[in-house]
Amino acid sequence: DAATGQVTGAVSTTIDITARKLAEEAQQRHLAMLQDATEARQEEILQQSEARLRALIENTTDAIWSVDDRHRLVIFNSTFSHRFTEVFGLVPQIGQGPRELLPAELAEHWQELLNRALRGDQFSESMQFTIGGQLRDYDVLFSPITAGGQVTGVTVYSRDVTPLRRALSALEQE
């Protein structure tokens, strides 16, 4: 009542929002399905990329390995693992670095080489290793890995050039 200020009645309106709620739920389910499909596709693309990388580094007789900016192994091929085990008697593992894998003096030398590459230099070194009781010559290429303009690691390629060096030596002696 306007004169007394008392409530004498009420007016109520209801709107059925069931259809809107159902539509929102359907939209959420659809978005979740799309997200799942996108994640599955991204996982498939990642797996394909990893398979191509693995094929690339395994389909060579060169030893190939990569380290991060703290000198820890990130990836390597079976040739690297096999040769490393032949030379040093240890099986390399992802996450290990020169200090865990090599004698102290040799570890220090390899850390210097990796640091040079981490400064952005690409270079090669000639090295010799005894494998199976035989002295072998290797050309070892150090290449910085860059991402976003920053050096984040080093890829190392080691090629056995013993037959080439022997052939050159034989030609020089003739």
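As a reminder, the structure under discussion sits directly above these lines.
Residues numbered from 1 in each chain as written. Predicted model: local features only at pLDDT ≥ 70, side-chain atom pairs only at ≥ 80, totals over all residues. Heavy atoms only, no water.

K.L.:
Any details on the environment of Arg83? Residues and values, ideally.
P.N.:
Here Arg83 is to be found in helix H2 (residues 78-88). Once the C-alpha coordinates of Arg83 and Ile57 are considered, the two residues, 26 residues apart in sequence, prove to be 15 Å apart. Here Arg83 is in contact with Thr61, Asp62, Ala63, Ile131, Tyr138, Ser158 and Asp160, once residues within four sequence places are set aside. (Helix = DSSP H or I, 4+ residues; strand = E, 2+ residues; numbered from the N terminus. Contact = heavy atoms within 4.5 Å.)

K.L.:
Please give an account of the pattern of salt bridges that cites residues and values.
P.N.:
Evaluated as defined, the whole model comprises 6 salt bridges. A salt bridge links Arg72 to Asp68, with the shortest nitrogen-to-oxygen separation between them at 2.7 Å. The exposure class assigned to Asp68 is buried, which follows from its relative accessible area of 15%. One salt bridge in this structure joins Arg116 and Glu125, with 4.0 Å as the shortest N-O distance. A relative accessible area of 31% places Arg116 in the partly exposed class. Overall, the relative accessible area of 23% leaves Glu125 in the partly exposed class. Connected through shared salt-bridge partners, Arg116, Asp121 and Glu125 make up one network. (Salt bridge = Lys/Arg side-chain N within 4 Å of Asp/Glu carboxyl O. Buried < 20%, exposed > 50% of the residue type's maximum accessible area, 1.4 Å probe, protein only.)

K.L.:
Tell me what's going on with the packing of aromatic side chains, and back it up with residues and numbers.
P.N.:
Summed over the entire model, instances satisfying the criterion amount to 9 aromatic pairs. Chaining the aromatic ring pairs together yields one cluster made of Trp65, Phe76, Phe80, Phe84, Phe88, Trp110, Phe123, Phe129, Tyr138 and Phe142. Positioned over the ring face of Phe123 is Arg116, at 3.8 Å from the centre of the ring. (Phe/Tyr/Trp six-rings, centres within 6.5 Å; stacked < 30°, edge-to-face > 60°. Lys NZ or Arg CZ within 6 Å of the ring centre and 35° of its normal.)

K.L.:
Please give an account of H2 that cites residues and values.
P.N.:
Of the residues making up H2, those classed as buried are Thr79, Phe80, Ser81, Arg83 and Phe84. Where H2 is buried, its residues touch strand S1 (63-68), strand S2 (73-76), helix H3 (98-101), strand S3 (123-131), strand S4 (134-147) and strand S5 (150-160). Just past H2, the residue Gly89 takes up positive phi, approximately 75°.

K.L.:
Summarise the pairing of S1; cite the residues concerned and give the values.
P.N.:
In terms of burial, S1 is a largely internal element, 6 of the 6 residues being buried. Residues Ala63, Trp65 and Val67 of S1 are buried on one face, and the alternating residues Ile64, Ser66 and Asp68, pointing to the opposite face, are buried as well. When S1 meets S5, the two strands line up antiparallel, connected through 6 bridges. Within S5, the residue paired with Ala63 across the bridge is Ser158. The pairing of S1 with S2 spans 3 bridges and is classified as antiparallel. Bridging from a neighbouring strand, Val67 pairs with Leu73 of S2. Counted along the chain from S1 to the antiparallel partner S2, the turn is 4 residues long, and its residue His71 has a positive phi close to 70°. (Pairing = 2+ DSSP bridges.)

K.L.:
A description of the nonpolar core should follow, citing residues and the corresponding values.
P.N.:
Trp65, Trp110, Phe142, Val154 and Val156 are the most contacted members of the largest nonpolar core, which totals 24 residues. If you list the elements that add at least two residues to this core, you get S1, S2, H2, helix H4 (104-118), S3, S4 and S5. Excluding residues that lie within four positions of it along the chain, Phe142 makes contacts with Trp110, Leu113, Leu114, Ala117, Asp121, Gln122, Phe123, Glu125, Met127, Val154, Thr155 and Val156. (Core = buried A, V, L, I, M, F, W, Y, C linked by side-chain atoms within 4.5 Å.)

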